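Coordinate analysis (summary)
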Amino acid sequence: MKTHPSELFFYYNPSHAVDKQMRAYARSIAKHINEINIEKEHITLTGWRSILEKLNLRAKDLLNRAHPDYQEKIAGRTWDDESWLLILSKYPHLIKAPIAIKRDKAVLCTTPNRVLELD
């Protein structure tokens, strides 16, 4: 798939107000933005691996450990790397912040200004 050289991919959860705010920041640095609603669009395990590689993070690093679903279904158990990846794929709503990717650089947008690091 051919993409525009300055296209920004923005993975977010529209149910989170902070994600909406960060989406506005993302729009300020890129004319071409590909918004991926993680509630509606399934991301494959290969897709997650690619995202994690660009972020230089592990799957469990992306998850909001304070979320009730995390506490109920995940906390207190031992998981290997592949299991964490499956958890991420099955429960994308547990991601603690939006992810922005531009070219080969990615950031976990834990604060609104993190997305500006891609410009």
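Residues numbered from 1 in each chain as written. Predicted model: local features only at pLDDT ≥ 70, side-chain atom pairs only at ≥ 80, totals over all residues. Heavy atoms only, no water.

The name an unreviewed UniProt entry assigns to the chain is Arsenate reductase, from the organism Cecembia calidifontis. Its UniProt record, at the heading Sequence similarities (unreviewed entry), says of the chain: "Belongs to the ArsC family." (UniProt positions renumbered as here; feature names shortened; annotations may be inferred.)

**A few points about the overall build of the chain**
Counting its regular elements, the chain contains four helices and four strands. The order of helices and strands in the chain, counted from the N terminus, is β-α-β-α-α-α-β-β. By the compact-globule yardstick of 14 Å for 119 residues, the chain fits well, its C-alpha radius of gyration being 14 Å. Based on the C-alpha atoms only, the size of the chain along its principal axes is roughly 45 × 30 × 25 Å. Buried positions account for 40% of the 119 residues belonging to the chain. Pairs at least 24 residues apart make up 64% of the contacts formed inside the chain by residues separated by at least 6 positions. Here the chain displays about 7100 Å² of accessible surface, and carbon together with sulfur accounts for 48% of that area. (Helix = DSSP H or I, 4+ residues; strand = E, 2+ residues; numbered from the N terminus. Rg over C-alpha atoms; globule rule 2.2 N^0.38 Å. Buried < 20%, exposed > 50% of the residue type's maximum accessible area, 1.4 Å probe, protein only. Contact = heavy atoms within 4.5 Å. Areas by Shrake-Rupley, 256 points an atom, 1.4 Å probe, with all protein chains shown as cover.)

**Quick look at the sheet that holds strand β4 (residues 105-108)**
Within a sheet, adjacent strands bond to each other through the backbone by hydrogen bonds, running parallel or antiparallel. The four strands are arranged β2-β1-β3-β4 in an open sheet whose pairing can be described as mixed. Each having just a single partner strand, β2 (33-37) and β4 make up the two edges of the open sheet. Taken over all neighbouring pairs, the strand axes of this sheet differ in orientation by 15° on average, direction set aside. Note: strand β1 (residues 8-12) against β2, five bridges, orientation parallel. When the bridges of β2 are listed, Leu8 appears paired with Ile33. Set on the sheet, helix α2 (residues 45-55) makes contact with β1, β3 (99-102) and β4; between it and β3 the angle comes to about 80°. (Pairing = 2+ DSSP bridges. Axes fitted to C-alpha atoms, helices over the stretch in contact; angles between N-to-C directions.)

**A word on unusual backbone geometry**
You will see that Asn56, though not glycine, has its phi angle at about 60°, which is positive. Summarising the element assignment, Asn56 is placed in the loop between α2 and α3 (68-73). Residue classification places Asn56 among the exposed positions, given a relative accessible area of 69%. Not every positive phi belongs to a glycine, and Arg103 is a case in point at roughly 60°.

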